[in-house]
Amino acid sequence: MSNFIDVILPIPLQKAFTYHITEAEADYLKPGMRVAIPFGKNKIYTGLVFKIHKNPPTAYEAKTIHQILDETPLVTDKQLAHWQWISEYYMSSLGEVMRAALPNAFILESETIISKNQNVEVSDTELKNEEFLIYEALHYQSSLKIDDVVSILDKKRVLPVINTLVDKGIVQLKEEIYQKYKPKLIRYVKLNDNYNSDAKLQELLVRLHRAKKQRDVILTLFQLKSSSKQPIKVSDLINQSHSSSAVVKALIDKNILEDYYIQTDRVSASGGDSVSKQLNTHQLNALSEIQQSFTTKSVVLLHGVTSSGKTEIYVKLIEEQLQKQKQVLYLLPEIALTTQLVSRMQDYFGEKVVVFHSRYSGNERVEAWRNILNNSEKAQIIIGARSALLLPFQDLGLIIVDEEHEQSFKQFDPAPRYHARDAAIVLASIFKAKTLLGTATPSLESYYNASEGKYGLVELTQRHNNVLLPDIELVDLADKYKRKRMKGHFSDRLIEEMTEALDNDFQIILFQNRRGFSPIVECTTCGHSPQCPNCDVSLTYHQYRDQLRCHYCGYNSVMPKNCNACGNATLDTKGFGTEQIEEEVKVLFPETQVARMDLDTTRGKYGFEKLINRFENREIDILVGTQMLTKGLDFRHVKLVGILNADNLLNFPDFRAHERSYQLMAQVAGRAGRTDVRGKVLIQTYNPHHTILQQVSTNAYYDMYKEQLNDRYNYKYPPIYRQIKITLKHKDYNRVNLASDWFGKSLRQLFTTHVLGPEFPPVSRIRNQYLKNILVKIPPKQSLQKTKEAISKIYNSFNSIKDFRSVRVIINVDNY
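Reference entry: report on the structure contained in this document. Model, not experiment: these values are computed from the prediction.

Details of the sheet that holds strand 25 (residues 540-542)
Read across the sheet, 3 strands follow the order 25-26-27 without closing on themselves; strand pairing throughout is antiparallel. The sheet terminates laterally at strand 25 and strand 27 (556-558), the two strands that pair on one side only. Strand-to-strand twist in this sheet, taken as the mean axis angle between neighbours without regard to direction, amounts to 30°. Across 3 bridges, strand 26 (residues 547-549) lies against strand 27 in antiparallel orientation. Considered in strand 27, the bridge of Leu 548 is made with Ser 557.

A few points about the sheet that holds strand 30 (residues 622-625)
Sheet strands pair via backbone hydrogen bonds, and the direction of the pair is either parallel or antiparallel. With parallel pairing, the 6 strands of this open sheet are ordered in space as 20-32-31-23-30-29. Pairing within the sheet leaves two strands with one partner each, and these edge strands are strand 20 (471-476) and strand 29 (594-597). Direction aside, the axes of adjacent strands within the sheet are offset by 20° on average. Pairing of strand 29 with strand 30, which is carried by 4 bridges, proceeds in the parallel orientation.

Comments concerning helix 9 (residues 234-241)
Taken residue by residue, helix 9 has Val 234, Leu 237, Ile 238 and Ser 241 as its buried positions. Burial along helix 9 is one-sided: seen end-on, the buried residues are contained in an arc of 100°. The secondary structure elements touched by the buried residues of helix 9 are strand 10 (184-191), helix 8 (212-227), strand 11 (232-233) and helix 10 (245-253). His 242, located one to two residues past helix 9, shows a positive phi value of around 55°.

Let's talk about the nonpolar core
In terms of nonpolar packing, the biggest core is built from 115 residues, with Trp 83, Leu 329, Ile 726 and Leu 747 touching the most fellow members. Contacts of Trp 83, omitting those with residues within four sequence positions, involve Leu 48, Val 75, Leu 94, Val 97, Met 98, Ala 101, Leu 102, Trp 369 and Leu 390. In this structure, Leu 322, Leu 332, Leu 341 and Leu 398 belong to the second largest nonpolar core, which totals 31 residues.

Observations regarding unusual backbone geometry
The omega torsion across Ala 415 and Pro 416 is 0°, close enough to zero to call that bond cis. Structurally, the position occupied by Pro 416 is in the loop between strand 17 (396-402) and helix 15 (420-430). Cis geometry marks the peptide bond from Gly 757 to Pro 758; its omega dihedral reads 5°. Unlike most non-glycine residues, Glu 403 shows phi in positive territory, near 55°.

A look at the pattern of salt bridges
Side chains that carry opposite charge are capable of pairing whenever their charged atoms lie near each other. Overall, the coordinates contain 34 salt bridges when judged by the stated rule. Salt-bridge contacts for Arg 636 lead to Asp 634; the nearest nitrogen and oxygen are separated by 2.8 Å. Arg 636 gets classed as partly exposed once you look at its relative accessible area, which sits at 40%. With relative accessibility at 15%, the residue Asp 634 sits in the buried group. Taken together, the salt bridges that share partners define one network made up of Asp 471, Glu 473, Arg 493, Glu 496, Glu 497 and Lys 680.

Examining empty space enclosed by the protein
In the structure shown here, the tally under the stated rule is 2 cavities of 30 Å³ or more. Space inside the largest cavity adds up to approximately 40 Å³. Lining the largest cavity are Thr 76, Lys 78, Gln 79, His 82, Leu 391, Phe 393, Leu 427 and Phe 431. Tallying contributions element by element places helix 2 (residues 77-89) first for the lining of the largest cavity, with 3 residues. Here the lining of the largest cavity is composed, by residue class, of 4 nonpolar, 3 polar and 1 charged. If you add up the space inside the second largest cavity, you get close to 30 Å³. Lining the second largest cavity are Phe 506, Arg 636, Val 638, Lys 639, Gly 673, Arg 674, Thr 675 and Val 677.

Some details on the side chain of Arg 34
Mapped onto the fold, Arg 34 is located in strand 3 (residues 34-39). For Arg 34, the side chain forms a polar contact with the main-chain oxygen of Phe 106, separated by 2.6 Å.

Thoughts on the environment of Tyr 541
In this structure, Tyr 541 sits in strand 25. By relative accessible area, Tyr 541 is classed as buried at 10%. Placed 474 residues apart in sequence, Tyr 541 and Gln 67 show a C-alpha to C-alpha distance of 54 Å. What Tyr 541 contacts, discounting residues up to four positions off in sequence, is Gly 516, Phe 517, Ser 518, Val 521, Asp 546, Gln 547, Leu 548, Met 559 and Thr 573.

Here we look at the packing of helix 11 (residues 281-296) against helix 12 (residues 310-323)
Running from N to C, helix 11 and helix 12 point in directions that differ by 45°, and their axes come no closer than 10 Å. On the basis of their axis angle, the class for helix 11 and helix 12 is oblique. In terms of crossing hand, the pair formed by helix 11 and helix 12 is right-handed. Facing helix 11, whose interface residues are Gln 283, Ala 286, Leu 287, Ile 290 and Gln 291, helix 12 presents Glu 312, Ile 313, Lys 316, Leu 317 and Glu 320. Residue composition of the contact of helix 11 with helix 12, by class: 5 nonpolar, 2 polar and 3 charged.

So, the packing of aromatic side chains
With the rule as written, the count across this model stands at 27 aromatic pairs. On the numbers, 5.0 Å between centres and 15° between planes, the contact of Trp 85 with Tyr 89 is stacked. On the criterion of helical spacing, the pair formed by Trp 85 and Tyr 89 is a turn pair, its members being 4 residues apart in helix 2. Residue classification places Tyr 89 among the buried positions, given a relative accessible area of 13%. Between Trp 85 and Tyr 90, the ring centres sit 5.8 Å apart and the planes meet at 90°, which makes this aromatic pair edge-to-face. Here the aromatic cluster, defined as three or more aromatic residues joined through ring pairs, consists of Phe 17, Tyr 19, Phe 39, Tyr 45 and Tyr 60. Over the aromatic face of Phe 760 sits the side chain of Lys 772, whose NZ or CZ is 4.6 Å from the ring centroid.

What to know about helix 20 (residues 607-616)
Those residues of helix 20 that fall on the buried side of the exposure criterion are Gly 607, Phe 608, Leu 611, Ile 612 and Phe 615. The buried residues of helix 20 occupy an angular sector of 115° when the element is viewed end-on, so they sit on one face. Once helix 20 ends, the next one or two residues include Arg 618, with phi positive near 65°.

Looking at the environment of Asn 192
By secondary structure assignment, the location of Asn 192 is in the loop between strand 10 and helix 7 (198-207). Sequence spacing of Asn 192 and Leu 649 is 457 residues, and the spatial spacing of their C-alpha atoms is 70 Å. With sequence-adjacent residues up to four places away left out, Asn 192 is seen in contact with Asn 255, Ile 256, Leu 257 and Glu 258. Polar side-chain contacts of Asn 192 include one of 2.8 Å to the backbone oxygen of Asn 255.

Quick look at the state of the cysteines
Applying the stated criterion across every chain, the model contains 0 disulfides. In this structure Cys 523 is a free cysteine whose sulfur lies 3.7 Å from that of Cys 566, the closest cysteine sulfur available. On the basis of relative accessibility, which here comes to 1%, the residue Cys 523 falls in the buried class. Among the cysteines around Cys 563, which has no disulfide bond, Cys 526 carries the closest sulfur, lying 3.7 Å off.

Some details on the packing of helix 16 (residues 444-451) against helix 24 (residues 701-715)
Closest axis-to-axis distance for the helix 16/helix 24 pair is 11 Å, and the angle between their directions is 95°. As summarised for this structure, helix 16 and helix 24 are arranged roughly perpendicular, according to the angle between their axes. Taking contact as the criterion, the partners of Leu 444, Glu 445, Tyr 447, Tyr 448 and Ser 451 in helix 16 are, on helix 24, Tyr 701, Tyr 702, Met 704, Tyr 705, Gln 708, Leu 709 and Arg 712.

Describing the environment of Phe 431
Along the chain, the position of Phe 431 falls in the loop between helix 15 and strand 18 (434-439). By relative accessible area, Phe 431 is classed as buried at 9%. On a C-alpha basis, the gap between Phe 431 and Gly 673 in space is 40 Å, while along the polypeptide they are 242 residues apart. If we ignore the near neighbours within four places in the chain, the residues touching Phe 431 are Lys 78, Phe 393, Gln 394, Asp 395 and Leu 396.

What counts as what
- Residues numbered from 1 in each chain as written.
- Predicted model: local features only at pLDDT ≥ 70, side-chain atom pairs only at ≥ 80, totals over all residues.
- Heavy atoms only, no water.
- Pairing = 2+ DSSP bridges.
- Helix = DSSP H or I, 4+ residues; strand = E, 2+ residues; numbered from the N terminus.
- Axes fitted to C-alpha atoms, helices over the stretch in contact; angles between N-to-C directions.
- Buried < 20%, exposed > 50% of the residue type's maximum accessible area, 1.4 Å probe, protein only.
- Arc of directions from axis to C-beta.
- Contact = heavy atoms within 4.5 Å.
- Core = buried A, V, L, I, M, F, W, Y, C linked by side-chain atoms within 4.5 Å.
- Salt bridge = Lys/Arg side-chain N within 4 Å of Asp/Glu carboxyl O.
- 1 Å grid on protein atoms, 1.4 Å probe; cavity = no way out; pocket = protein on both sides within 12 Å on 5 of 7 lines; lining within 4 Å.
- Points joined across faces, edges and corners; volume = space filled by probe spheres on them.
- Nonpolar A, V, L, I, M, F, W, Y, C, P; charged D, E, K, R; others polar.
- Polar contact = N/O pair within 3.5 Å; in protein donor to acceptor, adjacent residues only side chain to side chain.
- Parallel < 35°, antiparallel > 145°, perpendicular 65-115°, else oblique.
- Left-handed = near helix turned anticlockwise from the far one by under 90°.
- Phe/Tyr/Trp six-rings, centres within 6.5 Å; stacked < 30°, edge-to-face > 60°.
- Lys NZ or Arg CZ within 6 Å of the ring centre and 35° of its normal.
- Disulfide = S-S within 2.5 Å.

What follows is the structure in structure tokens.
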């Protein structure tokens, strides 16, 4: 009997591919190991062994594998089971899950190598200039890479030239695999063993009496050696002896010093000396309730008001798990949050904390992956954004999902479009671990599950130190504009409160959920507004670069001086973003330090960290920002929070607009008064009598929940009904229309009334692709599995129609 393996490829294939292996390879290989495999005409991919069996494929002849890349599995069996659930539930392929989970450096790429065909002799006259340059280069070296050819010909399009040489039989192409991960090596130095005795050392110093710098280096080496038993880095030796790398190199060349390398982690943690804080009565009650709930339920929702000390409860639960020698996964919605939390966790747990998120480089991610896979001491507490969910845990005891209501836990592009909170609950059940969902403003789905008895529910209603919740005041903008009490976008009440807070040496946060200077630029003469050439949106004006930018595709152009339509210099900005607020604050309060926190100012790897640290160290008095500010950050000296316009949150075309507005405003309000003084929040709005604003001002979460749930019940939306959103994309407007109509009709034949659309979304063209959405609602009694199978069948029939093949279909399960 022959042996075969099913291999997952990092590309969107519906099935795993089968390859032939020898008996010896079958004994050696295990699921989760990487293999290099040929796929297609001449491509080599990194595949992951999924299953080892003896059943040959029926549709094609199995190829043999190229080589085995691992000695031990890189992916665990439990991880593969979790990947399979994600792939089935979110209707994506296993290859897409693999691509999302594995750090790029693990997915080895193949590189095309060009070599000379030794059997063919060519005269120079037969070749064109560019062909001759490549042929001549192959006389001097045995092979060339594509990059080498690009630099020889000094142009990017080199494939046509290479193809003509291949057609003439002059060169051959072959694929070669190369490794992307490079371990970080630190260079150390020591004295050669010949000089270990005192006599030899004395002799050496006499010999170096003329070479003063070299002698200083040797003497410094001894000082460093005597003061510390650690190996001595070359960089430390150079700095301490005030010499240069040339001096150290000269000593190495003379065999007086020896250099050697030690592999080290790119990210290392320190700390671990702090003792966790004593919990107050309310926190202790909540902790014992959570532990009690965990005996009967595997998921518990902790609903604690802002600044009630939820993190300290998490610390106690983590300590419990560490005593049982189990790993803990701590999921956060934003990378911004990790900076504050990581430093807190490292104070408590030191080196046991490992961080994993998308701002890390490929090499840093590989090291974190290996530490977690080996269950090393350095990887007992894993903190990360949603991608940390896909890591190779060994013995998981607890998953904490902080700020579980956040929409950033949902992955939108590329596939798999999973929701980290839901996938975490499944991951915990695979490990028979517990899940704790923590937030001050639970999502309707989680609170509904808790009230139905599916999850345990623990309430924490008192703030830490018994500080009162902030006093929330609604400011009527229509009235203020009518009475001429506005300065720019600031009401007299807001300016008054800001002045008072600054006089008392407190800090201020101003919230406006729109970046840029203003979202619309309009000509006051003809009404023309510059639009993005690739998308159906107006361009946003960014003052700091004096340019118009599209926030969907990244297109930008210089801000014109005159209107492009009528030529008049009458361009005016409409609406306002964080940049405009920042500028107005600087005019109103010229003596203060003002900073802005949005996507534009936090681009770099440490962008968040620098801003947050400056604000914590009180180098900034007023921080203006977008929703990044709402994500559970803990600032001790903020007394006032101003929300500049609550209406654009409320009037968003989305069934969750009111729930989101409540969460966003309650969270941003929770940044105020977190120590011993009661905070103040001012919300500017044209509609102060709006129910949601009234509920925010009285902190009435339960009223909001009942009212929203009633609406969802009446209009058949989650959490009562499930949803699958199908988006069709194509650059041809008519083709998208035809394709979406066909798809919609096919769905209606099966699901009758529960199909909405096809309909164009509010922004119907992005990156020159027209979009059309279809929404399938799934009633509580309808099988989700059968619904997905039916949609898959329709999708396969759709793909078999020649005209529709070029239309891209995106299926998004639980798209909310």
